[in-house]
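Results of the structural survey
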Amino acid sequence: MKLYVYDHCPYCVRARMVFGLKNLPVEQVMIANDDEATPVGLVGKKVVPILVKEDGTAMPESLDIVRYVDTHYGNPIITENIRAEIEEWANNLSKVYNHLLLPRFVKLDLAEFEKQSAIDYFVEKKTESIGDFAQNLAETDKYIATVQPLIDELSDLIKSEKALSGELSLEDIIVFPMLRNLTCVKYIKFPAKVLDYINKMAELSKINLYFAKAI
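If you're wondering where the values come from, they're calculated on a predicted model, not measured in any experiment.

The strands that make up a sheet pair up through hydrogen bonds in the backbone, lying either parallel or antiparallel. With respect to topology, four strands assemble into an open sheet ordered 2-1-3-4, the strand pairing being mixed. With one partner strand each, in any of the chains shown, strand 2 (27–30) and strand 4 (58–60) form the two edges of the open sheet. Each neighbouring strand pair of the sheet contributes to a mean axis angle of 20°, computed without reference to strand direction. Here strand 1 (residues 2–5) pairs with strand 2 via four bridges, running parallel. Residue pairing across strands places K2 opposite E27, the latter belonging to strand 2. Those strands touched by helix 1 (residues 10–21) are strand 1, strand 2 and strand 3 (50–52), and its axis lies near 155° from that of strand 1. Its contacts with the sheet put helix 3 (residues 62–72) on strand 1, strand 3 and strand 4, and the angle it makes with strand 4 is roughly 125°.

Next up on the list: the domain arrangement of the protein. By the assigned domains, the protein splits into domain 1 (2–72) and domain 2 (84–213). In this structure, domain 1 and domain 2 have C-alpha centres spaced 20 Å apart. Listed per partner, the contact involves 21 residues of domain 1 and 27 residues of domain 2. With a shortest N-O distance of 2.8 Å, D7 and R180 are connected by a salt bridge. Viewed at the interface, domain 2 and domain 1 are joined by eleven residue pairs in polar contact (both at pLDDT 80 or more). Looking at the side of domain 1 that touches domain 2, the elements that each hand over two or more residues are helix 1 and helix 3. The element that contributes the greatest number of residues to the side of domain 1 that touches domain 2 is helix 1, accounting for seven residues. The residue inventory of the side of domain 1 that touches domain 2, partitioned by class, reads ten nonpolar, four polar and seven charged.

The rules behind each value
- Residues numbered from 1 in each chain as written.
- Predicted model: local features only at pLDDT ≥ 70, side-chain atom pairs only at ≥ 80, totals over all residues.
- Heavy atoms only, no water.
- Pairing = 2+ DSSP bridges.
- Helix = DSSP H or I, 4+ residues; strand = E, 2+ residues; numbered from the N terminus.
- Axes fitted to C-alpha atoms, helices over the stretch in contact; angles between N-to-C directions.
- Contact = heavy atoms within 4.5 Å.
- Domains from an automatic or database assignment.
- Salt bridge = Lys/Arg side-chain N within 4 Å of Asp/Glu carboxyl O.
- Polar contact = N/O pair within 3.5 Å; in protein donor to acceptor, adjacent residues only side chain to side chain.
- Nonpolar A, V, L, I, M, F, W, Y, C, P; charged D, E, K, R; others polar.

Put into structure tokens, the structure is as follows:
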């Protein structure tokens, strides 16, 4: 199987996680952010992740990929359960955290931003949603003030470093990619319980963290 992804994309991390958690081989292809031809050629639109299955057919949509891989390769290990509190937490974080993340992603030397044309493409597209990148970086403290309390609150919802609810579920597939991306923000302080979860889930799912590159 072949998985087309960006390193920074949380939806791509979801798809990558299921392969790591199940210890399944997959060829990961990091495509340039301005490469429209590859995804359009595979599924008719510019999206990632895209899984090319063993029969050669292509599948988009991160949770569809997670469910397909989990149910077709060995016994399923990921339940569908999501606590209402986790759903609300993720929704609240998603409203603000891109103001911290998007301007930093282009500074992390990621494969999808290897070319200046890919950086320019990303900046132009994302400026439409968050505004000027430099201005967002300058207002880091303002966004940290909203994000940090959410990170602190998560401690009370973590039942195990190996799974938020105590057993692997869609909670982990949704929340871990968000936390993982926040490791590129050096001003966030992760409580011990949250940090233990991030590190353990990264290990189990074989996903790289950004602590060493944090800005």
